[in-house]
Protein chains: 2
Amino acid sequence: MTKELPFNKEKLDKILEQYPTPFHIYEEKAIIENAKRFLKAFEWNKDFKEFFAVKATPNPFILKILKEVGFGADCSSLTELLLAEKTDITGEEIMFTSNNTPAEEYEKARELNAIINLDDISHIPFLAEHGGIPNLISFRYNPGSRREGNFIMGNPSEVKYGFTKKQIFIGLKELDSKGVQRFGLHTFIASNQLDLQYFVDTAEMMFKLAVEVKERLNIRLEFVNIGGGIGIPYHPEEEAVDLELMGRGIKLKYEEIIKGNNLHPLAVYMECGRMITGPYGYLVSKAIHKKDIYKKHIGLDASMNDLMRPGIYDAYHHITVMGKEEEAKTETYDVTGSLCESIDRFAVDRKLPKIDVGDTFVIHDTGAHGHAMGFNYNGKLRGGELLLREDGQVIEIRRAETVEDYFRTLDFEKLKKFKQ
Amino acid sequence: MTKELPFNKEKLDKILEQYPTPFHIYEEKAIIENAKRFLKAFEWNKDFKEFFAVKATPNPFILKILKEVGFGADCSSLTELLLAEKTDITGEEIMFTSNNTPAEEYEKARELNAIINLDDISHIPFLAEHGGIPNLISFRYNPGSRREGNFIMGNPSEVKYGFTKKQIFIGLKELDSKGVQRFGLHTFIASNQLDLQYFVDTAEMMFKLAVEVKERLNIRLEFVNIGGGIGIPYHPEEEAVDLELMGRGIKLKYEEIIKGNNLHPLAVYMECGRMITGPYGYLVSKAIHKKDIYKKHIGLDASMNDLMRPGIYDAYHHITVMGKEEEAKTETYDVTGSLCESIDRFAVDRKLPKIDVGDTFVIHDTGAHGHAMGFNYNGKLRGGELLLREDGQVIEIRRAETVEDYFRTLDFEKLKKFKQ
């Protein structure tokens, strides 16, 4: 099976003349179309909002594209808040969903008037001290054993996130009594989930919680944020989540539970990252070595620094060898990077056409949790990020790292004077 | 069980007055004593050399300390070569053990006159083209199914490293015929191994290979490099490798095989990283949140950015809570960081004394593969590195990352002009 690409070999070769490998390249047009398709699936909900999970692709050019479509930003750290600010995303366009939050992060979030989504009941007094309690506040709900998680996320009752149900009610009551007027609730309990029913179930859980909050506390929520976690088809055999069908499934639950309990209108929020940009980013790399020992290995000029998921999660990323798309996949290779680390590989026992040194590899679905997760282990430098514009032009939206970047936290003058 | 620390609460509190958490701190005295103990275990081998695996702790201050003791540097990338150069470690004090090597790295290694340890037979013509074949050269041997690997390293026949046995002989013969005069052989097949017999077996394997090389090719090796991989006792219940006993075990094999075949003198080289610095580094962090949901969680101001091993490998790192060393471990906690990532944790179900916010946590054995492996995922910044000098003074040997560092590859002026 194959996967489509926004460029052919000729077009990519042109790009390579200007930008040496390795780099990630994102397709603006597909990102925008996909973002619009996502919003369309929820147009039945007047105040629906998607807050893009910045951690997936913390590039301000990408944030700016998504802002134009109408997305906000889901931030989880100080630098992510600063990135949003630099992209003119402020106020309630920011959902600050953090955990184990340092004081300075709450202070910055409050300064930007972001929506604060508290991770723990103990953060109520902590936020009061560091930034102050705003008039709109959200809690993250962890359903514990009421729901099952998945591989990446772990079981809800095992992970560090959120309030218990009991704490949700205690916290809401406390803040209500303190005069807070606007409330939302949030949950996020699965990651890279391809079964749309999971999200319908999550919406149902949150709608029911909104009803219970109304009934028990007489608090009418302004929104429920059902989080992100929509998966993408890394394998060509997998199918993407049908957004329209998912939107309709959630709408049915909304009508039954929210309208049925006179809680309409209630805004539905999401904070997807992976499905927004993941399929529209590609890691481009050149084969620099072929190795034939107990197995056959192809060495690329990218390493796990540029893409950690195969190494850390054993994740599948599809590979297209440019110009050899139609050739028979007669060979079996491990495709590796150059770290002194056995897990530094992009594919294990992958069927591919016969590879020559110099072949261009396109590794698919690196538009989210790709560049963002890379480290500098072994002193390896990460490539940059390019954007393929709607008009076919290519611009650099993050330069590659340099040796100077790598050494920037070291003081070599001090080293000269350093004696045993 | 407990683990010793080079400071008590009072001393550490003094350090904290000057340096905010989180940071890694290394103990110079213990590193030097350990390094000397290591060399002593091999003093029977006149030309024994340890090349410190720079990737473990790529800090030039550490390299300088080890250079004074007599260590060289095992480098695997361009920046590691540059770090060695900046520390005045050059020539045959550098072992360049890389894999899937980019051309520029070989060129730099040749410029520095480093010992080149080729990872693959195809690198012979590649090196000839990029830097040229030196007069002293080494090959990395991968024994395949002849040896078993371990968890971190994988089975030798599955991993990307080294020459097959057949290739070793083909390669040596080829270079010998081309006039190369000095040869070494290398292997590295396990990581974090605590059984000293493993290293005796590896030395035996390499000694026998040296004999076979002499017999079949009439080439007398100058050294065998038995790699690194000596483990450290992360668990207080584990015992460190008895270096003296290991040295004696290898000496017996040397006498039997090398002297017994008239190949004395043959230099023995190693390239350990973890056991050189690992036990003498500590990640110091403060508890900033306590959370009580389905489990009890303690949130630190460090995150997996500062220490990846527990998250990626589920690795155990011992924890001391300063000032509570003698208290009963009555509580069970998960100890977490602040990333939106379930695996961002330092300990799961750890028995600890009752924790208060503000408690200082010392996470042990972070002196190798600690700071070096950290990433900036979620936009989180890494702390710095301190050195506790032999005279009790503390100096900063790497500053903490700043927001400016994190944004350094982005062009915000370009962003302003960026329009859809």
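Only a predicted model underlies this, so the values are computations on that prediction, with no experimental measurement involved. Throughout this description, residue numbers start from 1 for each chain and increase along the sequence as written. Think of it this way: whatever chain is written first is A, whatever ligand is written first is 1, and the rest follow in order. Thresholds applied to this predicted model are a pLDDT of at least 70 for local features of residues and 80 or more for the giving and counting of side-chain atom pairs; totals over whole chains, interfaces and linings are not thresholded and use all residues. Working from all heavy atoms in the structure, the side-chain values ignore hydrogens and water.

Let's shift gears to the pattern of salt bridges. Put simply, a salt bridge is a Lys or Arg side-chain nitrogen that is within 4 Å of an Asp or Glu carboxyl oxygen. Considering all chains together, one arrives at 68 salt bridges over all chains under this definition. K160 of chain A serves as the salt-bridge partner of D344 of chain B, at 3.3 Å between the closest nitrogen and oxygen. Here D344 of chain B, found in the loop between β13 (331-336) and β14 (345-352), pairs with K160 of chain A, found in the loop between β6 (136-141) and α7 (165-177), and the two come from separate chains. The exposure classification of D344 of chain B matches that of K160 of chain A, with both residues buried. For R382 of chain A, the salt bridge is made with E401 of chain A, and the minimal N-O distance between the two is 3.1 Å. Runs of E in the DSSP output that reach at least two residues are strands. Runs of H or I that reach at least four are helices, and both are numbered from the N terminus. Only protein chains enter the accessibility calculation, which uses a 1.4 Å probe; a residue is then buried when its area is under 20% of its type maximum, exposed when over 50%, and partly exposed in between.

This part covers the layout of surface pockets. Where empty space is left can be seen by rolling a probe of water-molecule size over the atoms. Residues and elements named next belong to chain B. A cavity, in this analysis, means grid points on a 1 Å lattice covering only the protein atoms where a 1.4 Å probe fits yet has no way out; a pocket is instead an open set bounded by protein on both sides within 12 Å along at least five of seven lines, and a residue lines either one if it has an atom within 4 Å of a point. Grid points are joined across faces, edges and corners, and a volume is the space filled by probe spheres set on the points. Computed from the structure, the largest pocket encloses a volume of approximately 730 Å³. Lining the largest pocket are 33 residues, with N34, R37, A240, P279 and Y280 positioned closest to its centre. Elements represented by at least two residues in the lining of the largest pocket include exactly α2 (28-40) and α9 (243-258). Counting residues per element, the lining of the largest pocket draws most heavily on α9, which supplies five residues. Grouping the amino acids of the lining of the largest pocket by side-chain chemistry returns 16 nonpolar, six polar and 11 charged. Counting contributing residues per domain, the lining of the largest pocket is built from domain 1 (28-272) and domain 2 (279-401), each supplying no fewer than three. Put simply, Ala, Val, Leu, Ile, Met, Phe, Trp, Tyr, Cys and Pro go in the nonpolar bin, Asp, Glu, Lys and Arg in the charged bin, and everything else, Gly too, in the polar bin. Where a domain begins and ends is set by an automatic assignment or by a domain database.

So, on to the pairing of strand β5 (residues 115-118) of chain B. All names here are of chain B. Residues I115 and N117 line one face of β5 and the alternating positions I116 and L118 line the opposite face, and both faces are buried. Only strands joined by at least two bridges in the DSSP assignment are considered to pair. Here three bridges tie strand β4 (residues 94-97) to β5, and the two strands are oriented parallel to one another. Residue pairing across strands places M95 opposite I115, the latter belonging to β5. Viewed with both strands pointing away, a crossover whose connecting path from the first strand over the helix to the second turns clockwise is right-handed. What joins β4 to β5 is helix α5 (residues 103-111), and the crossover it makes is right-handed. By the bridge criterion, three bridges tie β5 to strand β6 (residues 136-141) in an arrangement that is parallel.

Take the interface of chain B and chain A next. We call two residues in contact when some of their heavy atoms are within 4.5 Å. Opposite the 106 residues of chain B that make contact, chain A presents 106 residues. Between chain B and chain A, a total of about 8,600 Å² is buried, with carbon and sulfur atoms accounting for 55% of that surface. Our count for the contact surface shared by chain B and chain A stands at 14 salt bridges. For E158 of chain B, the salt bridge is made with K295 of chain A, and the minimal N-O distance between the two is 3.2 Å. The definition of a polar contact used here is a pair of N or O atoms within 3.5 Å, where within protein one atom must be able to donate a hydrogen and the other to accept one, and adjacent residues in sequence count solely through side-chain atom pairs. Linking chain B with chain A are 68 residue pairs in polar contact (both at pLDDT 80 or more). The residue inventory of the side of chain B that touches chain A, partitioned by class, reads 42 nonpolar, 31 polar and 33 charged. Accessible-area loss on putting two parts together, using a 1.4 Å probe and summing over both, is the definition of buried area adopted here.

We superpose the copies by least squares over the C-alpha atoms of residues that have a pLDDT of at least 70 in both of them. With an axial shift of 0.0 Å and an RMSD of 0.0 Å, the rotation relating chain B to chain A amounts to 180°. Expressed as a symmetry operation, the mapping of one chain copy onto the other fits a two-fold axis. Rotation axis and chain B: the residue whose C-alpha lies nearest the axis is F375 of chain B, separated from it by 2.2 Å.

With that settled, consider the environment of D314 of chain A. Residue and element names in this part refer to chain A. Note on placement: D314 falls in the loop between α11 (309-313) and β12 (319-321). Note on D314: relative accessible area 63%, which makes it exposed. Separated by 33 residues in sequence, D314 and A347 place their C-alpha atoms 8.6 Å apart.

Residues and elements named next belong to chain B. Of all 10 residues making up helix α3 (residues 60-69), eight are buried, and the element is well covered by its neighbours. Regarding α3, the residues found buried are P60, F61, I62, L63, K64, I65, L66 and V69. By the N-cap criterion, in which a side-chain oxygen at the helix start approaches the backbone nitrogen of a residue two or three places on, α3 is capped by N59, the distance to F61 being 2.9 Å. Backbone geometry just after α3 places G70 at a positive phi near 115°.

To define a nonpolar core, start from buried Ala, Val, Leu, Ile, Met, Phe, Trp, Tyr and Cys residues and group those joined through side-chain atoms within 4.5 Å. Counting 97 residues, the largest nonpolar core has F38, F139, F207, I230, M246 and M270 of chain B as its most contacted members. Excluding its chain neighbours within four sequence positions, the residues that come into contact with I230 of chain B are F38, N192, Q193, F199, V241, L243, M246, M270, C272, R274 and M275 of chain B. Among the nonpolar cores identified, the runner-up in size contains 96 residues, and I62, I189, I232 and L263 of chain A belong to it.

Right, let's get into the confidence of the model for chain A. Predicted coordinates in regions of low pLDDT should not be interpreted in detail. pLDDT measures the predictor's confidence residue by residue and takes values from 0 up to 100. Considering every residue of chain A, the mean pLDDT works out to 96; 99% of them sit at 70 or more. This complex was scored by the predictor with a pTM of 0.97 and an ipTM of 0.96.

What follows covers the sheet that holds strand β2 (residues 49-53) of chain B. Residue and element names in this part refer to chain B. The eight strands lie next to each other as β2-β3-β4-β5-β6-β7-β8-β9, forming a closed barrel whose pairing is parallel. Geometrically, the sheet is characterised by an average inter-axis angle of 25° between neighbouring strands, direction not taken into account. Examined bridge by bridge, β2 and strand β9 (residues 267-270) share two bridges and lie parallel to one another. Along β9, the bridge assignment pairs K49 with Y269. Whenever a helix is involved, its axis is fitted only over the stretch in contact; in every case the axis is a line through C-alpha atoms, and angles between N-to-C directions fall within 0 to 180 degrees. Of the strands in this sheet, β4 and β5 touch α5, which is tilted by about 145° from β5.

Our focus in this paragraph is the pairing of strand β1 (residues 23-27) of chain A. Regular strands place their side chains on alternate faces of the sheet. Residue and element names in this part refer to chain A. Within β1, five of the five residues are buried, which leaves the element mostly enclosed by the surrounding structure. Neither face of β1 is exposed, since F23, I25 and E27 on one face and H24 and Y26 on the opposite face are all buried. Sheet topology places β1 next to strand β16 (residues 384-388); five bridges connect them, and they run parallel. Considered in β16, the bridge of Y26 is made with L387. Sheet analysis places β1 next to strand β10 (residues 281-292), joined by four bridges and oriented antiparallel. Its bridge partner lying in β10, I25 is registered against Y282.

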